[in-house]
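Observations on the model geometry
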Amino acid sequence: MSQLARFPKLSPEHYRHILREPAGRLRCVIDTDTRNEIDDQYALTWALLSRDKLAIEGIYAAPYSFQERVNEQRAADRIRQRGATSDDERTLLARHIGLLQQLDEAGINVNDDRQMDPQGVVLVSPGQGMELSCQEILKVCDKLGLNFADRVFRGSDRYLASLDEPVESEAVAHLIATAKTATVDEPLHLVAIGALTNVASALLLAPEIIETVVVSWTAGYPTTVMDVVQPSFNMEQDVLASQLLFDSGAPLVYLPGFHVGAQLGLSLPEVESWVRGKGEIGDYLHWLYINNPHHPRHGFVDHFARSWIMWDLINFAWLINPAWAPSYLTDAPYLSTDCRWYRRGQPRHPIREALDINRDAIYRDFFGKLADLDR
């Protein structure tokens, strides 16, 4: 029997019921690659300040690594130096030439690890990324004055190698046990804001949990954008896990990054006005913003007329107030190994997909909760 054949087949009524817009206080667990950049820390802070709406039962450290992305950029640089000799090389160079020129202007050598990753958190292995994320989750909790150590769990130390090899971890074990206590009327919301290795491993080890979980995940383009390679970090790190999410039939709220979550840009003046000074966590979030570990990788040397997208806020916007992330039901697409959406044959099971976002309402809520820390 194939791994996919082991998943229960849910009825259309089941999907419509479990994928209804959330209301009330929701059971949830959070799967996050918290140290991969800075948006996870902002999102996690908002979630932890929203415990009137979110009953957070576990926070899982997900693996991450930007090494493959940087390797691709370095390959493009080699092509630039010697000249492209094939269509594939020209395509690769076209994808990265803008970034390479930015690095040139900033005096940053794409082949120098120390310049590309001065904080030592970008060019790490997936397992190192998971451990860094675990420590960062604990740091965010500490700066909020929360003792959540018994709810923070280490996740996968590597990506999926095959559907026959789920990666077992304390996070996966906790997720399975927690999902088994949920029901279709009170499901467990699995908030995924990173690579899906932990999520996919839990699904493979306990396929029955798709009956009582709702996964919300943010990644690339809307599923209506066909035959376009998606520049989605969450998706491309563990493509097999990403494919499994759509193939398993797990109830899913898909929150496109482009160009839905991409509206969540945040500028330094906003951070200085409404984040800095709002307790220890506000000062830490401000420090993260001005010490973004990805600025060197992009050739950014100042904050003038720039913003940074806090992508992962979208998951919590959907849970806190679904009107802030309007959505609709559609059929699940297939995902190719090169990260393109496609559909074939009869429509598959339903998923819910966001189509817009109320950027200002989200930040008003987030900034308001930070301000309450001073009262």
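This report concerns the structure included in the present document. (Residues numbered from 1 in each chain as written. Predicted model: local features only at pLDDT ≥ 70, side-chain atom pairs only at ≥ 80, totals over all residues. Heavy atoms only, no water.)

**Here's the deal with helix H15 (residues 359-371)**
Between its terminal C-alpha atoms H15 stretches 18 Å, which fits the 18 Å expected from 13 residues at 1.5 Å a residue. When we look at burial in H15, the residues that qualify are Arg359, Ala361, Ile362, Tyr363, Phe366, Phe367, Lys369 and Leu370. (Helix = DSSP H or I, 4+ residues; strand = E, 2+ residues; numbered from the N terminus. Expected span 1.5 Å × (residues − 1). Buried < 20%, exposed > 50% of the residue type's maximum accessible area, 1.4 Å probe, protein only.)

**Regarding the nonpolar core**
With 107 residues, the main nonpolar core has Leu48, Ile59, Trp217 and Phe316 as its most contacted residues. In contact with Leu48, other than residues within four places in its own chain, are Ile56, Ile59, Val140, Cys141, Leu144, Leu146 and Phe148. If you look at the next biggest cluster of nonpolar residues, it comprises 19 residues, including Leu93, Leu103, Val124 and Phe233. (Core = buried A, V, L, I, M, F, W, Y, C linked by side-chain atoms within 4.5 Å. Contact = heavy atoms within 4.5 Å.)

**Structural notes on the pattern of salt bridges**
Enumeration over the complete set of coordinates arrives at 22 salt bridges. Between Arg340 and Asp227 there is a salt bridge whose closest N-O contact spans 3.2 Å. Of the two residues, Arg340 sits in the loop between strand E10 (334-335) and strand E11 (341-342) while Asp227 sits in the loop between strand E5 (213-219) and helix H9 (233-236), which places them 113 residues apart along the sequence. Taking the relative accessible area as the measure of exposure, Asp227 reaches 57% and is therefore exposed. Put simply, Arg348 and Asp247 hold a salt bridge, and the shortest N to O gap is 3.0 Å. A residue pair is termed long-range when its members are at least 10 positions apart, and Arg348 in the loop between E11 and strand E12 (350-354) and Asp247 in helix H10 (residues 239-247) qualify at 101 residues. Residue Asp247 is classed as partly exposed on the basis of its relative accessible area, which comes to 29%. Salt bridges linked by common partners bring Asp77, Arg80 and Asp104 together as one network. (Salt bridge = Lys/Arg side-chain N within 4 Å of Asp/Glu carboxyl O.)

Nothing here speaks to function; it is geometry throughout.
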